[in-house]
Amino acid sequence: MRYQGAVLKILLRTLGVGLLLCGACSPRTSDPSVDAQQGQSVAEAMSAPADQGFARALAPRAFVFPQDDGPHLDFQTEWWYYTGNLQDAQNPQQNYGYQLTIFRRALQSDMPERTSDWASRQVYFAHFAFSDIPRQRFFASQRLSRGAAGLAGASPQRVWIEDWQIQRTAEGFRLQAEDDALRLDLTVQSQKPEVLQGQQGLSPKSSQPGNASYYYSRTRLDTRGTLTWKSESNAAPTLPLALTGLSWLDREWSTSALAPEQVGWDWFSLQLDDQRELMLYQLRRQDGTVDPVSSGTLIAADGRTTPLQATDFRIVPLEYWTSPQTGIRYPSQWRLKVPAQQLDLTVTPRQADQELRLDFTYWEGAVTLKGQAGKQPLTGQGYVELTGYGDRTQRAPR
């Protein structure tokens with residue numbers, strides 16, 4: 001496959017933002033020519049200085065829908081981030097996980113205007129990952145394009161890179177993406193109101209003013225659609241396969257960067273079977289401590305929210321997994337405790353290998369949970385993202 005390396009290198013250099021995400025790239029891009037930058041860790045990319053010519057997230061703001069489903073071009077970076085756990089509609093014991101994320105990154109704020117139809121100040125970048133749990137396989141691919149000539153763009157109605165898209169429907173949104181192995185076509189419909197994360201939607205990422213994002217989530221999305229394997233060599237059942245499940249959307253926009261002492265993060269989005277949801281993230285420092293700006297939110301069955309500070313919860317790794325491909329060692333099971341809410345949960349990956357070992361290397365995958373809420377047993381599912389545990393240069397011997 002071919003890269004549009006001039007644009008990709010700009011994007012990877014400038015993708016240094018205080019996001020609770022990472023960049024996963026595969027040798028699949030939309031624009032042709034030139035080489036891609038590789039071997040850069042997520043932490044390195046996210047530590048690039050922010051462009052001070054863009055707006056900063058400094059104080060809470062009013063959120064307005066559907067306008068805030070569209071782009072915020074006065075900020076340097078934003079994303080539309082879907083993850084979900086799916087089941088075969090005919091055989092619910094067959095489980096799958098997916099991620100579809102579209103990022104927008106503005107280039108330099110002082111770039112001169114150009115009249116060409118191909119000229120754009122916006123670069124769009126997408127990740128599509130799929131966990132085939134029954135066969136213990138993991139797929140990941142990416143696309144990249146300029147926001148010009150209809151190749152990519154965003155509005156409150158649609159966000160797209162070529163034929164990968166998130167499109168508003170009468171009931172919710174339709175998600176469509178495919179790679180060389182499979183095609184996923186889903187519709188999602190929210191069962192709860194939007195959740196404003198952090199301080200009424202202002203989510204600090206360090207103690208520095210403006211090092212923050214505006215952040216909202218849709219935490220319980222009823223999901224239905226189809227999975228189509230594109231090659232008989234996948235040894236999959238007769239398809240297209242009807243799927244059902246639950247998804248989660250995170251929306252953030254910002255002009256910020258990781259603080260110098262921060263090396264990465266652990267992020268959890270959990271859908272509890274008692275109709276509550278739990279979002280937690282901890283930013284890790286170089287000295288092994290947790291940054292005090294780490295936070296979370298507990299969402300009640302009726303949609304009411306309880307903000308959580310770093311001192312309100314504890315995340316303890318119980319097991320580890322070392323990637324045979326990169327040699328990176330990740331936590332692979334966790335105990336989560338929220339004492340004031342009487343929550344004590346064990347979170348376990350549906351499969352160990354959900355590592356995106358592409359231009360950026362990180363782990364993001366489907367998980368299950370079990371534990372207790374007080375004296376009542378509790379189960380659920382969700383997604384976990386792990387960054388800053390190593391980079392692509394740390395490979396195991398072949």
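Note: the structure precedes this text.
The following paragraphs examine the structure supplied in this document.

Cut-off values and rules
- Residues numbered from 1 in each chain as written.
- Predicted model: local features only at pLDDT ≥ 70, side-chain atom pairs only at ≥ 80, totals over all residues.
- Heavy atoms only, no water.
- Helix = DSSP H or I, 4+ residues; strand = E, 2+ residues; numbered from the N terminus.
- Buried < 20%, exposed > 50% of the residue type's maximum accessible area, 1.4 Å probe, protein only.
- Contact = heavy atoms within 4.5 Å.
- 1 Å grid on protein atoms, 1.4 Å probe; cavity = no way out; pocket = protein on both sides within 12 Å on 5 of 7 lines; lining within 4 Å.
- Points joined across faces, edges and corners; volume = space filled by probe spheres on them.
- Nonpolar A, V, L, I, M, F, W, Y, C, P; charged D, E, K, R; others polar.
- Core = buried A, V, L, I, M, F, W, Y, C linked by side-chain atoms within 4.5 Å.
- Salt bridge = Lys/Arg side-chain N within 4 Å of Asp/Glu carboxyl O.
- Pairing = 2+ DSSP bridges.
- Polar contact = N/O pair within 3.5 Å; in protein donor to acceptor, adjacent residues only side chain to side chain.
- Phe/Tyr/Trp six-rings, centres within 6.5 Å; stacked < 30°, edge-to-face > 60°.
- Lys NZ or Arg CZ within 6 Å of the ring centre and 35° of its normal.

The next thing to look at is the overall build of the protein. For the protein, the helix and strand inventory stands at two helices and 23 strands. Across the 398 residues of the protein, 57% fall into the buried class. Taking the intrachain contacts of the protein between residues at least 6 apart in sequence as the baseline, contacts between residues at least 24 apart amount to 65%.

Looking now at empty space enclosed by the protein. According to the stated counting rule, one finds three cavities of 30 Å³ or more in the structure shown. In this structure, the largest cavity spans a volume of roughly 70 Å³. Those elements that place two or more of their residues in the lining of the largest cavity are β1 (77-88), β6 (158-161), β12 (212-229) and β13 (241-254). Its residues assigned to classes, the lining of the largest cavity shows eight nonpolar, two polar and four charged.

Looking now at the nonpolar core. Formed by 31 residues in total, the largest nonpolar core has its most connected members in Y82, Y98, F130, L184 and L227. Residues I328, L345, V367 and V384 belong to the second largest nonpolar core, which totals 25 residues.

What follows deals with the pattern of salt bridges. Tallied over the full model, the rule gives 24 salt bridges. For the salt bridge of R285 with D291, the shortest nitrogen-to-oxygen distance reads 3.5 Å. Under the relative-accessibility criterion, D291 is labelled buried at 3%.

The next point concerns the pairing of strand β3 (residues 122-132). For β3, a buried count of 11 out of 11 residues is recorded, marking the element as mostly surrounded by other parts of the structure. Of the two faces of β3, both are covered, the one formed by Q122, Y124, A126, F128, F130 and D132 as well as the one formed by V123, F125, H127, A129 and S131. Strand direction decides the pairing type here: strand β2 (residues 95-106) and β3, joined by 11 bridges, are antiparallel. Across the sheet, the residue bridging to I102 is A126, located in β3. Looking at chain direction, β3 and strand β4 (residues 137-146) are connected through 10 bridges and run antiparallel. When the sheet's bridge partners are listed, F125 is paired in β4 with L144. Hairpin connection, β3 to β4: the antiparallel pair is bridged by four residues, and Q136 has positive phi, about 55 degrees.

What follows concerns the pairing of strand β20 (residues 343-349). The side chains of a regular strand alternate between the sheet's two faces. Here β20 shows one buried face, formed by L343, L345, V347 and P349, and one open face, formed by D344, T346 and T348. Across five bridges, strand β19 (residues 329-338) lies against β20 in antiparallel orientation. Its bridge partner lying in β20, V338 is registered against L343. Summarising the sheet, β20 and strand β22 (residues 361-373) pair through seven bridges and their orientation is antiparallel. Considered in β22, the bridge of T348 is made with T368.

With respect to the element layout, T219 can be found in strand β12. The class for T219 is buried, based on a relative accessible area of 1%. Reaching out from T219, the side chain makes a polar contact with the side chain of E277 at a distance of 2.8 Å. Apart from residues no more than four positions distant in its own chain, T219 is found in contact with K192, V195, S247, W248, Q271, E277 and I299.

Right, let's get into the environment of G390. Assignment of secondary structure puts G390 in the segment after β23 (376-386). Through-space distance from the C-alpha of G390 to that of G327 is 8.5 Å; in sequence the pair is 63 residues apart.

As for its placement among the helices and strands, R105 is situated in strand β2. A distance of 2.3 Å separates polar atoms of two side chains, one belonging to R105 and the other to T77.

Tracing the backbone through its elements, the reader meets F125 in strand β3. In this structure F125 comes out as buried when scored by relative accessible area, which is 1%. In sequence terms F125 and R143 are 18 residues apart; their C-alpha atoms lie 5.7 Å from each other.

Let us look at the packing of aromatic side chains. Throughout the structure, instances matching the rule amount to 17 aromatic pairs. Seen in terms of ring centroids, Y216 and W253 are 6.2 Å apart; in terms of plane orientation they differ by 75 degrees. Their pairing is edge-to-face. Of the two residues, Y216 sits in strand β12 while W253 sits in strand β13, which places them 37 residues apart along the sequence. Assigned by exposure class, Y216 and W253 land together as buried. An aromatic cluster of at least three residues, connected via ring pairs, comprises F63, F65, F75, Y214, Y216 and W253. Over the ring of Y389 we find R284, and its NZ or CZ is 3.8 Å from the ring centre.

This part covers unusual backbone geometry. A cis amide bond links F65 to the next residue, P66, at an omega of 15 degrees. Residue placement: P66 occurs in the loop between α2 (42-46) and β1. With phi around 55 degrees, Q136 is a residue other than glycine that occupies positive phi space. Topologically, Q136 is positioned in the loop between β3 and β4.

With that settled, consider the environment of P260. Relative to the assigned elements, P260 resides in the loop between β13 and β14 (262-272). Sequence separation between P260 and S206 is 54 residues, and the spatial gap between their C-alpha atoms is 9.8 Å.

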